Amino acid sequence: MEGTRRTCVQCGAVAEKGRLLRIAGRPGSTWVPDPAGRLPGRGIYLCREGGCIGRFAARIRTRKGGARWKMGDGSGELADLLSAMRSDEA
Ligand SMILES: [Zn+2]
């Protein structure tokens, strides 16, 4: 059975959905990490390995990066959560 493939928004790599970290949310609303891939809303996908999570976190800490996904004021909070997830894996 072929799994669904998704593209990492940071590096453009295409991988099975389960191998990427999903961030769930809606434009203009709160986005949260969704490791199980079960939350409603739209999804942003990132490689679980290779530094994409850290680079994405750094990106959304900037006003421009947060605006790219219409994250509003919640982007700093999400960046903190992503940074914490990274250190757990290290
Ligand atoms: Zn990537």
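Above this text you will find the structure in question.
Since we're looking at a predicted model, the values are computed, not measured.

## Things to note about the overall build of the chain
And then number 1: Counting its secondary structure elements, the chain contains three helices and five strands.
And then number 2: Starting at the N terminus and walking to the C terminus, you meet the elements of the chain as β-β-β-β-β-α-α-α.
And then number 3: Taking 12 Å as the expected radius of gyration for a compact globule of 90 residues, we find that the chain reaches 12 Å, a close match to that expectation.
And then number 4: Across the 90 residues that make up the chain, the buried fraction comes to 27%.
And then number 5: Contacts spanning at least 24 positions in sequence make up 45% of the contacts within the chain whose residues lie at least 6 apart.

## So, helix 1 (residues 52-60)
And then number 1: Here helix 1 has its buried residues at Cys52, Ile53, Phe56, Ala57 and Ile60. Angularly, the buried residues of helix 1 cover 135° about the axis, an arc narrow enough to put them on a single face.

## Thoughts on the nonpolar core
And then number 1: Counting 19 residues, the largest nonpolar core has Leu46, Ile53 and Phe56 as the members making the most contacts within it.
And then number 2: Among the elements of the structure, strand 3 (20-25), strand 5 (42-47), helix 1 and helix 3 (75-89) are those that each provide at least two residues to this core.
And then number 3: When residues of this core are assigned to their parent elements, the largest contribution, five residues, is made by helix 1.
And then number 4: Beyond its immediate stretch of four places on either side in the chain, leucine 46 contacts Cys8, Val9, Gln10, Leu20, Leu21, Cys52, Ile53 and Phe56.

## Observations regarding the sheet that holds strand 5
And then number 1: Read from one edge to the other, the open sheet built from three strands follows the order 4-3-5, with strand pairing classed as antiparallel. The sheet terminates laterally at strand 4 (32-34) and strand 5, the two strands that pair on one side only. When the angles between neighbouring strand axes are averaged without regard to direction, this sheet yields 35°.
And then number 2: In the sheet, strand 3 pairs with strand 4 via three bridges, with the strands oriented antiparallel. Bridging from a neighbouring strand, isoleucine 23 pairs with proline 33 of strand 4.

Cut-off values and rules
- Residues numbered from 1 in each chain as written.
- Predicted model: local features only at pLDDT ≥ 70, side-chain atom pairs only at ≥ 80, totals over all residues.
- Helix = DSSP H or I, 4+ residues; strand = E, 2+ residues; numbered from the N terminus.
- Rg over C-alpha atoms; globule rule 2.2 N^0.38 Å.
- Buried ≥ 20, exposed ≤ 12 C-beta atoms within 10 Å, placed from the backbone.
- Contact = placed C-beta atoms within 7 Å.
- Arc of directions from axis to C-beta.
- Core = buried A, V, L, I, M, F, W, Y, C linked by C-beta atoms within 7 Å.
- Pairing = 2+ DSSP bridges.
- Axes fitted to C-alpha atoms, helices over the stretch in contact; angles between N-to-C directions.

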